[in-house]
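What the coordinates show
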Amino acid sequence: MAVYDLDLQELPLFAGLKAAEVDQFIQATGAKVKRYGKDTRILKTYEHNDKIGIIAEGEALVIAEDRFGNESVGHRLGRGALFGSTTAILPSYVNPTAIDAVTDVLVLWVPYMALIVAGPKLGRIHGIVMRNLLVAFCRKNVMMVQKLELLSQKTLRERLILYLLQKSAGREDKRVKVPGRVQLAKELECNRSALTREIGLMKEKGLLTCGGDWMELDEEKLKEER
């Protein structure tokens, strides 16, 4: 699939590069774009993988599987998100997570070994991409820490409040875009009915305002509640 019309230079991995430089990178590494339909499994659990995937369009979910085959939903991936890097870099790693397409998805697959050896051909382009890759890995670590912090909360209310605070951190607009109740319950690892009940109680107390796909905390009332 042609990549010239995907504005790949806007992706975080290529921050600091021009469109022509991104094309040069793709030619040097043999990266390819592949399309996946909605509800398609992009990357299977325990599957051998030697490429780093970057979402060029669409949204996907990380799905974790335990040793009994039970699946739980992880975080959501949007345009620019990376996945598959752990198995590409560590071939011996047995990967218990899968990637599912939530919408139609375009993925740019970059062969890891080709990326490593492309330095002499790409010069400064290679250095910029590697720097951006390290930044992306650090952000993944932050997300893991946030997930652990979220699940360590004692009550569902505390979980929901922290979830919304994490999503709105550093933004002027405190209105947070949220998935549907089923998906949100999975992300918070709680019962959907309990979540709906808790949202209703928080709305009654004026702690929370909700729209069709957004929520906003009243932080002043939260302070009073504490």
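Cut-offs and rules
- Residues numbered from 1 in each chain as written.
- Predicted model: local features only at pLDDT ≥ 70, side-chain atom pairs only at ≥ 80, totals over all residues.
- Heavy atoms only, no water.
- Salt bridge = Lys/Arg side-chain N within 4 Å of Asp/Glu carboxyl O.
- Helix = DSSP H or I, 4+ residues; strand = E, 2+ residues; numbered from the N terminus.
- Buried < 20%, exposed > 50% of the residue type's maximum accessible area, 1.4 Å probe, protein only.
- 1 Å grid on protein atoms, 1.4 Å probe; cavity = no way out; pocket = protein on both sides within 12 Å on 5 of 7 lines; lining within 4 Å.
- Points joined across faces, edges and corners; volume = space filled by probe spheres on them.
- Pairing = 2+ DSSP bridges.
- Contact = heavy atoms within 4.5 Å.
- Axes fitted to C-alpha atoms, helices over the stretch in contact; angles between N-to-C directions.

In the structure shown here, the tally under the stated rule is eight salt bridges. Between E21 and R124 there is a salt bridge; the shortest N-O distance is 2.5 Å. Of this pair, E21 sits in helix α1 (residues 19–29) while R124 sits in helix α5 (residues 124–151), and the two are 103 residues apart along the sequence. Exposure remark for R124: the relative accessible area of 49% places this residue in the partly exposed category.

The next point concerns empty space enclosed by the protein. Summed over all chains, the structure comprises one cavity of 30 Å³ or more. The computed volume of the largest cavity comes to approximately 40 Å³. Lining the largest cavity are L164, L165, S168, K174, V176, M215, E216, L217 and E219. For the lining of the largest cavity, the secondary structure elements donating two or more residues are α6 (156–168) and β11 (214–217).

A few words on the sheet that holds strand β10 (residues 208–210). Spatially, β9-β11-β10 is the arrangement adopted by the three strands of the open sheet, whose pairing is antiparallel. Here the strands that pair on one side only, and so sit at the sheet edges, are β9 (176–177) and β10. Contacts from α6 reach β9, β10 and β11 within the one sheet, and its direction differs from that of β11 by about 100 degrees.

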